[in-house]
Amino acid sequence: MEEDILIQISNRIKERRREKNITVQELAIRANVSKGLISQIENSRTIPSLMVLIEIIKALEIDLNEFFKDIRSKNDHLPVLIKRKNEYEHFEKEYATGFHYQRIFTQSITHSTVDIVILELEPDATRPLVETDAFEYKYILQGEIEYQFNDDKITLHQGDSMLFDGRIPHTPKNMGKTTASMLVIYFFEEKK
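Only a predicted model underlies this, so the values are computations on that prediction, with no experimental measurement involved. (Residues numbered from 1 in each chain as written. Predicted model: local features only at pLDDT ≥ 70, side-chain atom pairs only at ≥ 80, totals over all residues. Heavy atoms only, no water.)

Colleague: Help me understand the sheet that holds strand β9 (residues 170-174) in this model?
Modeller: Note: strands within a sheet are paired through backbone hydrogen bonds, in either parallel or antiparallel orientation. One open sheet accounts for three strands, arranged β7-β6-β9; its pairing is antiparallel. One side of each edge strand has no neighbouring strand; the edge strands of this open sheet are β7 (152-157) and β9. On average, each strand axis in the sheet is tilted by 25 degrees relative to the strand beside it, whichever way the strands run. With five bridges joining them, strand β6 (residues 144-149) and β9 adopt antiparallel strand pairing. What sits directly across from glutamine 148, in β9, is threonine 171. (Pairing = 2+ DSSP bridges. Helix = DSSP H or I, 4+ residues; strand = E, 2+ residues; numbered from the N terminus. Axes fitted to C-alpha atoms, helices over the stretch in contact; angles between N-to-C directions.)

Written out as structure tokens, the structure is:
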């Protein structure tokens, strides 16, 4: 099983368990497995067998099709993915107090060079649509930015983020009257 799918499954189990106000112990009893196994699965430390996974999903009283909906492999076509600030997933790690993690995106990209930059856009900044030979992650630090992808336009506000294949023609536009800024992370894949 690919690591990104494992993380998605782990997160979904934890999410659904918490939504239903079920403790780890209760879920373990319902699924007829150990509490430790549930904890390891939720923290992406182990891969459950298919039968155990099905028992856990049944114990959560979720339809299998609904559970697996939107779980994607890294080999699936990657569209533009938008995450609004209020959609970031909070999660905890064991043995940590006062640490507040927010998972924004999980995307497997192997053999890659990472380039991290801050981009500031003046209110009248313009450029034509461009293509980058990289996956691009954008996190809006300040302002309101409209991204154009061919004929589609997406507006992002402070705290919103986006991940997309930079080979899709794109350009940003500052929609405000002051300088807007964003954190940009480029993932350049090495050529084979």
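Colleague: Quick question: what am I supposed to make of the side chain of threonine 171 here?
Modeller: Note on placement: threonine 171 falls in strand β9. A relative accessible area of 8% means that threonine 171 is categorised as buried. Polar side-chain contacts of threonine 171 include one of 3.1 Å to the side chain of arginine 127. Beyond its immediate stretch of four places on either side in the chain, threonine 171 contacts Arg127, Pro128, Leu129, Glu146, Tyr147 and Gln148. (Buried < 20%, exposed > 50% of the residue type's maximum accessible area, 1.4 Å probe, protein only. Polar contact = N/O pair within 3.5 Å; in protein donor to acceptor, adjacent residues only side chain to side chain. Contact = heavy atoms within 4.5 Å.)

Colleague: Before we go on, may I ask you to explain the packing of aromatic side chains in this structure?
Modeller: A ring pair, where both rings are aromatic, is described by two values, the distance of the centres and the angle of the planes. Here the structure, examined in full by the defined rule, presents three aromatic pairs. Ring geometry for tyrosine 147 against phenylalanine 149: centres 5.9 Å apart, planes inclined by 25 degrees, an arrangement best described as stacked. Comparing tyrosine 147 with phenylalanine 149, the two get one shared label, buried. Where tyrosine 147 meets phenylalanine 164, the ring centres are 6.1 Å apart and the plane angle is 55 degrees; that geometry is what we call tilted. Here tyrosine 147, found in strand β6, pairs with phenylalanine 164, found in strand β8 (residues 161-165); they are 17 residues apart in sequence, far enough to count as distant. Here the two residues tyrosine 147 and phenylalanine 164 agree in accessibility, since each one is buried. A cation over a ring is seen here: arginine 167 above phenylalanine 135, with NZ or CZ 5.5 Å from the ring centre. (Phe/Tyr/Trp six-rings, centres within 6.5 Å; stacked < 30°, edge-to-face > 60°. Lys NZ or Arg CZ within 6 Å of the ring centre and 35° of its normal.)

Colleague: What am I meant to see in the side chain of histidine 170 here?
Modeller: Looking at the element boundaries, histidine 170 is found in strand β9. The exposure class of histidine 170 is buried, given its relative accessible area of 1%. Side chain to side chain, histidine 170 and glutamate 136 meet in a polar contact 3.1 Å long.

Colleague: What is the right way to look at helix α2 (residues 24-31) in this model?
Modeller: Those residues of α2 that sit buried are Val24, Leu27, Ala28 and Ala31. All buried residues of α2 lie within an arc of 100 degrees about the axis, which places them on one face of the element. Following α2 by one or two positions, asparagine 32 adopts a phi angle in the positive range, close to 60 degrees. (Arc of directions from axis to C-beta.)

Colleague: Is there a simple way to explain helix α3 (residues 35-42) in this structure?
Modeller: Of all the residues in α3, the buried ones are Ile38, Ile41 and Glu42. All buried residues of α3 lie within an arc of 95 degrees about the axis, which places them on one face of the element. After α3 finishes, the residue serine 44 shows a positive phi value of roughly 55 degrees.

Colleague: What is the right way to read the environment of lysine 173 from this model?
Modeller: Structurally, lysine 173 is set in strand β9. Along the sequence, lysine 173 and glutamate 122 sit 51 residues apart, while their C-alpha atoms lie 9.0 Å from each other. Beyond its immediate sequence surroundings of up to four residues, lysine 173 is in contact with Leu121, Glu144, Ile145 and Glu146.

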